[in-house]
Amino acid sequence: MNENEGDLPSILRPVYDDGELTVRQDAEWPVPGFMVVGVRPHLATIADLPLELALRTMTVMRAVRTIMRDDLKLAAVQTYQEDKFVRPHFHVWMLPLWPEVLRQHGINPRIYESNIAEYIRLFSFPAMEAEITRCATVIREGLREGLAAFD
């Protein structure tokens, strides 16, 4: 996606981009506020990130999570990172757990007891487009304000 950002729909364009780090809505699952924090350099694991970049990555993740808690009123977010063997590229997925959806569908979000795959399939793009846009706007504006001190 980084090489073809101009071709992406606006809903998938980064809400934050400092040249090395990006934050954007997940392109595969239309869960509102499902943010992917990625590094532009092709580094495979957190162990490959230079310390300064690792610290900035965590600072951005902390800011995103704070916005999710304070502005989107999300008490729970699951954060995932996987090491890949083919075309490795470091990303962290921040999946919001929308309480009403969990409650309505009896979803247990605990990782080792989870039916989280069922949860993410409950969201459709046509039904969620406006909410995805709203969440992205809230996160974009919050990051602009919250990370200004780090620029």
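From a predicted model like this one, the values you see are computed outputs, not experimental measurements.

### Digging into the overall build of the protein chain
No. 1: Tallying secondary structure elements over the protein chain gives four helices and five strands in all.
No. 2: Ordered by position in the sequence, the α and β elements of the protein chain form the string β-β-β-α-β-β-α-α-α.
No. 3: For 151 residues, the compact-globule estimate of 2.2 N^0.38 gives 15 Å, and the C-alpha radius of gyration of the protein chain, at 15 Å, lies within 12% of that figure.
No. 4: For the protein chain, the spread of C-alpha atoms along the principal axes amounts to about 40 × 35 × 30 Å.
No. 5: Of all 151 residues assigned to the protein chain, the portion counted as buried reaches 42%.

### A look at the sheet that holds strand β2 (residues 21-25)
No. 1: What the five strands build is an open sheet, ordered β1-β2-β3-β5-β4; its pairing is antiparallel. The open sheet has two edge strands, β1 (16-17) and β4 (77-80), and neither has a second partner.

### Topic: the side chain of Thr45
No. 1: Mapped onto the elements, Thr45 comes out in the loop between β3 (35-39) and α1 (51-70).
No. 2: A relative accessible area of 18% places Thr45 in the buried class.
No. 3: Of the polar contacts made by the side chain of Thr45, one reaches the backbone nitrogen of Ala47; its length is 3.1 Å.
No. 4: In contact with Thr45, not counting residues within four places along its chain, are Asp83 and Phe90.

### Looking at the confidence of the model for the protein chain
No. 1: Overall, the predicted model of the protein chain reaches an average pLDDT of 88, with 91% of residues at or above 70.
No. 2: Here helix α3 (residues 116-120) stands out as the element of the protein chain with the lowest mean pLDDT, 88, in contrast to strand β5 (residues 91-96), whose mean of 97 is the highest.

### A word on α1
No. 1: Helix length check: α1, at 20 residues, gives a terminal C-alpha distance of 28 Å against a target of 28 Å (1.5 Å per residue), a fit within 8%.
No. 2: What α1 keeps buried is the set Leu53, Ala54, Thr57, Val60, Met61, Ala63, Val64, Ile67 and Met68.
No. 3: Where the residues of α1 are buried, they touch β1, β2, β3, β4, β5 and α4 (125-146).

### Some points on the packing of aromatic side chains
In this description, a pair of aromatic rings is defined by centroid distance and the angle of the planes.
No. 1: Evaluated as defined, the whole model comprises one aromatic pair.
No. 2: Taking the centre distance of 5.2 Å and the plane angle of 75° together, the rings of Tyr119 and Phe123 count as edge-to-face. With respect to burial, Tyr119 and Phe123 carry one shared label: buried.

### A word on the nonpolar core
No. 1: Core analysis: the biggest nonpolar cluster contains 42 residues, and Val23, Trp98, Tyr119 and Leu143 have the highest contact counts within it.
No. 2: Those elements that place two or more of their residues in this core are β2, β3, α1, β5, α2 (99-105), α3 and α4.
No. 3: Broken down by element, this core gets its largest block of residues, eight residues, from α1.
No. 4: With residues up to four places along the chain from it excluded, the contact list for Trp98 reads Val31, Pro32, Leu72, Leu74, Tyr119, Phe123, Glu131, Arg134 and Cys135.

So, how was this worked out
- Residues numbered from 1 in each chain as written.
- Predicted model: local features only at pLDDT ≥ 70, side-chain atom pairs only at ≥ 80, totals over all residues.
- Heavy atoms only, no water.
- Helix = DSSP H or I, 4+ residues; strand = E, 2+ residues; numbered from the N terminus.
- Rg over C-alpha atoms; globule rule 2.2 N^0.38 Å.
- Buried < 20%, exposed > 50% of the residue type's maximum accessible area, 1.4 Å probe, protein only.
- Pairing = 2+ DSSP bridges.
- Polar contact = N/O pair within 3.5 Å; in protein donor to acceptor, adjacent residues only side chain to side chain.
- Contact = heavy atoms within 4.5 Å.
- pLDDT = per-residue confidence, 0-100.
- Expected span 1.5 Å × (residues − 1).
- Phe/Tyr/Trp six-rings, centres within 6.5 Å; stacked < 30°, edge-to-face > 60°.
- Core = buried A, V, L, I, M, F, W, Y, C linked by side-chain atoms within 4.5 Å.

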